[in-house]
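Structural characterization, general
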Amino acid sequence: MSNPQVSIIMGSQSDWPTMKNASTTLDELQVPHECKIISAHRTLSRLVDYMATAKERGIKVVIAGAGGAAHLAGVTAAMTRLPVFGVPIETKSLGGQDSLLSMVQMPGGIPVGTLAIGKAGAVNSALLAVAVLALSDADLDNRLADWRQARADAVPMEPKDD
């Protein structure tokens, strides 16, 4: 996308099925974004180079998804003053609890806004990014309000038998 405002980064290709939900949500709200595979462990120099230019390229929020040790969000937050939202990826060994604890236990002074494990976290990371951007964009604020209202309107008042 041209002029991305949100960067979605993930540790590996295997994170894409989860992180695609953040991208889809941003697409629905017409927020320009980019998606990259950048590992805090295997491609650290790529992360350093990428974050060195993020702000000057117009990035305003970073969403970082990773599983296991899940250091991507924390290392990214250490490199920037931009808001960083972390999405713990569900893992086979511990169901994503390992990822969650890695992200949520950041030392004071290096914040990572950590979301739920998996798809819900990915969707909510995009919605938080939109909420941040909407503070200075009235059109986006209206799109977010409409998006949320459409979901509220879709909830039935009474249960039905299948």
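Everything numeric here is computed off the predicted structure, so don't read it as measured data. (Residues numbered from 1 in each chain as written. Predicted model: local features only at pLDDT ≥ 70, side-chain atom pairs only at ≥ 80, totals over all residues. Heavy atoms only, no water.)

Attention now moves to the overall build of the protein chain. Each helix and strand counted, the protein chain has six helices and five strands in total. Of the regular secondary structure in the protein chain, the N- to C-terminal order runs β-α-β-α-β-α-β-α-β-α-α. Taken against the 2.2 N^0.38 rule, which gives 15 Å for 162 residues, the C-alpha radius of gyration of the protein chain at 16 Å falls within 12% of a compact globule. With the C-alpha coordinates of the protein chain rotated into their principal frame, the extents come out at 50 × 40 × 30 Å. The burial tally for the protein chain puts 44% of its 162 residues in the buried class. Carbon and sulfur atoms form 53% of the exposed surface of the protein chain, whose accessible area is close to 9000 Å². Counting 14 positive and 16 negative side-chain charges, the protein chain places the averaged centre of each group 8 Å from the other. (Helix = DSSP H or I, 4+ residues; strand = E, 2+ residues; numbered from the N terminus. Rg over C-alpha atoms; globule rule 2.2 N^0.38 Å. Buried < 20%, exposed > 50% of the residue type's maximum accessible area, 1.4 Å probe, protein only. Areas by Shrake-Rupley, 256 points an atom, 1.4 Å probe, with all protein chains shown as cover. Lys, Arg positive; Asp, Glu negative; His and termini not counted. Charge placed at Lys NZ, Arg CZ, Asp CG, Glu CD.)

Residues of helix 3 (residues 72-79) that are buried include every one of Leu72, Ala73, Gly74, Thr76 and Ala77, and no others. Against strand 1 (6-10), helix 2 (44-53), strand 3 (61-66), strand 4 (84-88) and helix 4 (97-104) lie the buried residues of helix 3. (Contact = heavy atoms within 4.5 Å.)

What follows covers a nonpolar patch on the surface. Nonpolar side chains collect at one region of the surface, where Leu44, Val48 and Met79 lie side by side and expose about 220 Å² of accessible area between them. Following the sequence through the fold, Val48 ends up in helix 2. Given a relative accessible area of 39%, Val48 falls into the partly exposed group. (Patch = residues over 30% accessible without salt bridge, like charges linked within 9 Å, V, L, I, M, F, W, Y side chains within 5 Å. Salt bridge = Lys/Arg side-chain N within 4 Å of Asp/Glu carboxyl O.)

Contact geometry of helix 2 with helix 3 gives a least axis separation of 10 Å together with a crossing angle of 40 degrees. With respect to helix 3, the axis of helix 2 lies oblique. The two elements helix 2 and helix 3 cross, and the hand of that crossing is right-handed. For the pair helix 2 and helix 3, the contacting residues are Leu44, Leu47, Val48 and Met51 in the first and Leu72, Val75, Thr76 and Met79 in the second. Its residues placed into classes, the contact of helix 2 with helix 3 shows seven nonpolar, one polar and no charged. (Axes fitted to C-alpha atoms, helices over the stretch in contact; angles between N-to-C directions. Parallel < 35°, antiparallel > 145°, perpendicular 65-115°, else oblique. Left-handed = near helix turned anticlockwise from the far one by under 90°. Nonpolar A, V, L, I, M, F, W, Y, C, P; charged D, E, K, R; others polar.)

Counting residues in each nonpolar core, the largest one holds 25 residues, and the members touching the most others are Val6, Ile8 and Val31. The greatest single-element share of this core, amounting to eight residues, is contributed by helix 5 (residues 119-134). When sequence neighbours within four positions are dropped, the list of residues in contact with Ile8 reads Met19, Ala22, Ser23, Leu26, His33, Glu34, Cys35, Lys36 and Ile63. If you look at the next biggest cluster of nonpolar residues, it comprises 19 residues, including Ala54, Ala64, Ala70 and Leu82. (Core = buried A, V, L, I, M, F, W, Y, C linked by side-chain atoms within 4.5 Å.)

Across the sheet, which stays open at both edges, the five strands sit in the order 2-1-3-4-5 with parallel pairing between neighbours. Across the chains shown, the open sheet's two edge strands, defined by having one partner strand only, are strand 2 (33-37) and strand 5 (113-114). Two strands pair when backbone bridges link them, and strand 1 and strand 2 are joined in this way by five bridges, in the parallel orientation. Note on strand 2: the bridge partner recorded for Ile9 is Lys36. Along the sheet face, helix 3 touches strand 1, strand 3 and strand 4 and points at about 150 degrees away from the line of strand 3. The strands that helix 4 touches are strand 3, strand 4 and strand 5; relative to strand 4, the one it contacts most, it runs at about 160 degrees. (Pairing = 2+ DSSP bridges.)

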